[in-house]
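Close look at the chain arrangement
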Amino acid sequence: MPPDGHHPHGHRHPVSFDPTVTDHDRHEPTPLPGRPFRLGIGGPVGSGKTALTAALCRALGPDVNLAVVTNDIYTTEDADFLRAAGVLDPDRVEAVQTGACPHTAIRDDITANLDAAERLQERHPDLELIIIESGGDNLTAVFSRGLADRQIFVVDVAGGDKVPRKGGPGVTTADLLVINKVDLAEHVGADMTVMVADAHRMRGDRPVTTQSLTRTPDAPDVAGWVRQQLAVPLGV
Amino acid sequence: MPTIRNGLAVLALADARLPNGGHVHSGGVEQAAASGLVTTVEDLREFLYGRLRSAGFTSAVFAAAATHAAANGEVDWLVLDAELDARTPSPAQREASRAQGRGLVRAGRAAWPSPALDTLVAVTGRPHHPLVLGVLAAAAGTEPWAAALVAGYQSVSGPSSAAVRLLGLDPFAANAVLVDLSGELDRLADTAAALAHLPPGDLPAPGSPALDLLAEAHHHHHREEVRLFAS
Ligand SMILES: Nc1nc2c(ncn2[C@@H]2O[C@H](COP(=O)(O)OP(=O)(O)OP(=O)(O)O)[C@@H](O)[C@H]2O)c(=O)[nH]1
Ligand SMILES: [Mg+2]
């Protein structure tokens, strides 16, 4: 169906704007043939996006040809971390400036990120996967479907067990919700049962994963989910 | 002042929401703020006035010339592009202009595709932003004057919004300062449109050494330090 809701046989299907409805996104991406899969990783400041990106590089790097775009709000901290972590060739990391508006750069105007993805493709023509880490942002920050084919939203236990039920497009519509730092639950008095139940309630049948990168530094569950996404042809 | 044809295209091209990557450029404001040259709304007024009369005028002239050229055929895009290079002494500014040109090509291909746009890109590779703007304005069926108006407006609207984000200025005051440039912007568009038919080498070449230096300083200092904007 074309994005404006017009149906070929002349009527319109209404789109619900009810924020509690967790329908699957109807506007499936239509990537150009032959371009790498683009995976967005978003979530609040400090939730573990870079740590997850590094974990995915370690877990997938040996058999998936991949590269990373970071959207640092300030400096090139995340890009530098990834380069220094030695999980990826330094020339497979691109950092973009976001003009003090991290959500704009991944959603409303994705130009800088597309430019960075294209630079990586020019340097590495056989890339299969580009991971795009957003700058740390608020619960409404989601990736444009023009930029990310699939997106992961990372929240952490240390932010409090209320976060999933606060909702917002990040929590409700991301293709995978990751609840990170479960090792800290007891220290901050977070109730994991509540947190996971709220997450499922907000997301319907969309998947939720809990993890601790200190306990499982290679993020096996998320890496497995990403492999599944890579195996499915896009746009179907 | 001419009647604007296809006003929606003109408004859309000038809109800050146009997804062309403009929001990551501050037009020298980030460096000016970092060096303490712009800290208040009054400083911003002076900065924007100077920017409009120099970089904004150059941009408007070349946007108008590109609209005229695209509408009338018979143009050597490489020459027009090189003449704008020659009027942009700072390498950092040339890069910022070409980066924004590339972003505008992407947005323009979806909204206002045209053979002239394809030719411009094929011939120059990464054309300067005002040339792309001018070609899109022609494809949208509007005049050199409107292209100049948009180019001039963008030379100050982006920097003004960057100042609000960087310095926490009162957005109403910053907007009022921007809107005060109305008469100046009309005059600039009139002049640019009147010159649009000239051979590229005869187009005006106003200098703005302060902006050149700010762009270069931004490029050098912010390689190591904090940098929110690409320029
Ligand atoms: N205890 C614990 N700490 C973690 C875990 N995952 C990440 N961290 C730590 O949390 C801090 C923030 O992690 P980052 O990966 O930098 O978070 P981020 O989301 O990329 O942060 P920004 O990019 O600044 O928004 C770092 O000190 C990590 O080492 C975890 O599972 N458990
Ligand atoms: Mg990070």
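The rules behind the values
- Residues numbered from 1 in each chain as written.
- Chains lettered and ligands numbered in written order.
- Predicted model: local features only at pLDDT ≥ 70, side-chain atom pairs only at ≥ 80, totals over all residues.
- Heavy atoms only, no water.
- Helix = DSSP H or I, 4+ residues; strand = E, 2+ residues; numbered from the N terminus.
- Buried < 20%, exposed > 50% of the residue type's maximum accessible area, 1.4 Å probe, protein only.
- Areas by Shrake-Rupley, 256 points an atom, 1.4 Å probe, with all protein chains shown as cover.
- Polar contact = N/O pair within 3.5 Å; in protein donor to acceptor, adjacent residues only side chain to side chain.
- Contact = heavy atoms within 4.5 Å.
- Expected span 1.5 Å × (residues − 1).
- Bend = angle between axes of the 7 residues up to and from the residue.
- Buried area = accessible area lost by both parts, 1.4 Å probe.
- Salt bridge = Lys/Arg side-chain N within 4 Å of Asp/Glu carboxyl O.
- Nonpolar A, V, L, I, M, F, W, Y, C, P; charged D, E, K, R; others polar.
- Donors = N, O, S within 2.8 Å, 3.2 Å for Na, K, Ca; no water.
- Pairing = 2+ DSSP bridges.
- Axes fitted to C-alpha atoms, helices over the stretch in contact; angles between N-to-C directions.
- Near = heavy atom within 4 Å.
- UniProt positions renumbered as here; feature names shortened; annotations may be inferred.
- Core = buried A, V, L, I, M, F, W, Y, C linked by side-chain atoms within 4.5 Å.

Below, the discussion takes up the overall build of chain A. Scanning chain A from N- to C-terminus turns up 9 helices and 7 strands. Across the 236 residues in chain A, those meeting the buried criterion constitute 51%. Within the structure as shown, chain A displays about 10,500 Å² of accessible surface, and the carbon and sulfur contribution to it stands at 56%.

Glancing now at the side chain of Gln229 of chain A. All names here are of chain A. Here Gln229 is to be found in helix α9 (residues 220-231). Among the residues examined, Gln229 registers a relative accessible area of 15% and is labelled buried. A polar side-chain atom of Gln229 sits 3.2 Å from a polar atom in the side chain of Arg150. Not counting chain neighbours up to four residues away, the residues in contact with Gln229 comprise Phe37 and Arg150.

To continue, consider helix α8 (residues 144-167) of chain B. All names here are of chain B. Across its 24 residues, α8 extends 35 Å between first and last C-alpha, which sits within 8% of the 34 Å expected from 1.5 Å per residue. The sharpest bend along α8 comes to roughly 30 degrees, located at Gln154. Trailing α8 by a residue or two, Gly168 shows a phi angle of about 65 degrees, which is positive.

Moving on, we get to the interface of chain A and chain B. Each partner contributes residues to the interface: chain A has 18 residues there, and chain B has 17 residues. Both sides together, the interface formed by chain A and chain B hides about 1,500 Å², and carbon and sulfur atoms give 54% of it. On the surface where chain A and chain B come into contact, there are 4 salt bridges. In this structure, Arg106 of chain B engages Asp115 of chain A in a salt bridge whose closest nitrogen and oxygen atoms are separated by 2.9 Å. At the junction of chain A with chain B, the criterion picks out 10 residue pairs in polar contact (both at pLDDT 80 or more). For the side of chain A that touches chain B, the secondary-structure elements that each account for two or more residues are α3 (102-108) and α4 (111-123) of chain A. Across the side of chain A that touches chain B, the residue classes break down as 7 nonpolar, 6 polar and 5 charged.

With that settled, the discussion passes to the coordination of the magnesium ion (ligand 2). Residues and elements named next belong to chain A. Coordination of the magnesium ion (ligand 2) by the protein involves Thr50 (OG1), Asp78 (OD) and Glu133 (OE), with metal-donor separations of 2.0 to 2.2 Å. Look at where the donors of the magnesium ion (ligand 2) fall in the sequence and you get T-x27-D-x54-E. One end of the pair, Asp78, is in helix α2 (residues 77-85); the other, Glu133, is in strand β4 (residues 129-133), and 55 residues separate them in sequence. For the pair Asp78 and Glu133, one class covers both residues: buried.

What follows deals with the pattern of salt bridges. Taken as a whole, this structure holds 26 salt bridges over all chains when the rule is applied. Residue Glu118 of chain A is joined to Arg102 of chain B by a salt bridge in which the shortest nitrogen-to-oxygen separation is 2.7 Å. Taken together, the positions of Glu118 of chain A in helix α4 and Arg102 of chain B in helix α5 (residues 91-111) put the pair across two chains. Each member of the salt-bridge network shares a partner with another, and the members are Asp115 and Glu118 of chain A together with Arg102 and Arg106 of chain B.

Right, let's talk about the pairing of β4 of chain A for a bit. Residues and elements named next belong to chain A. The element β4 is largely enclosed, with a buried count of 5 among its 5 residues. Of the pairings in the sheet, the one linking strand β1 (residues 37-42) to β4 comprises 5 bridges and is parallel in character. What sits directly across from Gly40, in β4, is Ile132. Relative to β4, strand β2 (residues 66-70) runs parallel, the two being bridged by 5 bridges. Bridge pairing links Thr70 to Glu133 in β4.

Time to look at the sheet that holds strand β6 (residues 176-180) of chain A. All names here are of chain A. In spatial order, the strands read β3-β2-β4-β1-β5-β6-β7; together these 7 strands make up an open sheet with parallel pairing. Every interior strand has two partners, whereas the edge strands, β3 (93-95) and β7 (208-210), have only one. Across the sheet, the mean angle separating the axes of adjacent strands is 20 degrees when strand polarity is ignored.

Turning our attention to the site of ligand 1. All names here are of chain A. Near ligand 1 there are 18 residues, and of these Lys49, Thr50, Ala51, Asp183 and Leu213 occur at the shortest range. Between ligand 1 and Ser47, the relevant distance is 3.2 Å, taken from an oxygen atom to a main-chain nitrogen or oxygen of the residue. Lys49 has a polar side-chain atom sitting 2.8 Å from an oxygen atom of ligand 1. For ligand 1, the accessible surface in isolation is 650 Å², of which the surrounding protein chains cover 68%. Taken together, the residues of the shell around ligand 1 break down into 5 nonpolar, 8 polar and 5 charged.

All names here are of chain A. Look at the UniProt record and you will see "binding site: GTP" (unreviewed entry) annotated at Gly43, Pro44, Val45, Gly46, Ser47, Gly48, Lys49 and Thr50. Here Gly46 is to be found in the loop between β1 and α1 (49-60). Structurally, Gly48 can be placed in the loop between β1 and α1. Residues within four places of Gly48 in sequence aside, it is in contact with Val154, Asn180 and Leu213.

A separate point is the nonpolar core. Residues and elements named next belong to chain B. In terms of nonpolar packing, the biggest core is built from 63 residues, with Phe47, Leu48, Trp77, Leu80 and Leu131 touching the most fellow members. It is helix α3 (residues 41-72) that provides the largest number of residues to this core, a total of 14 residues. Those residues in contact with Leu80 that sit more than four places away from it in its chain are Phe62, Ala65, Ala66, Leu131, Pro200 and Leu203.

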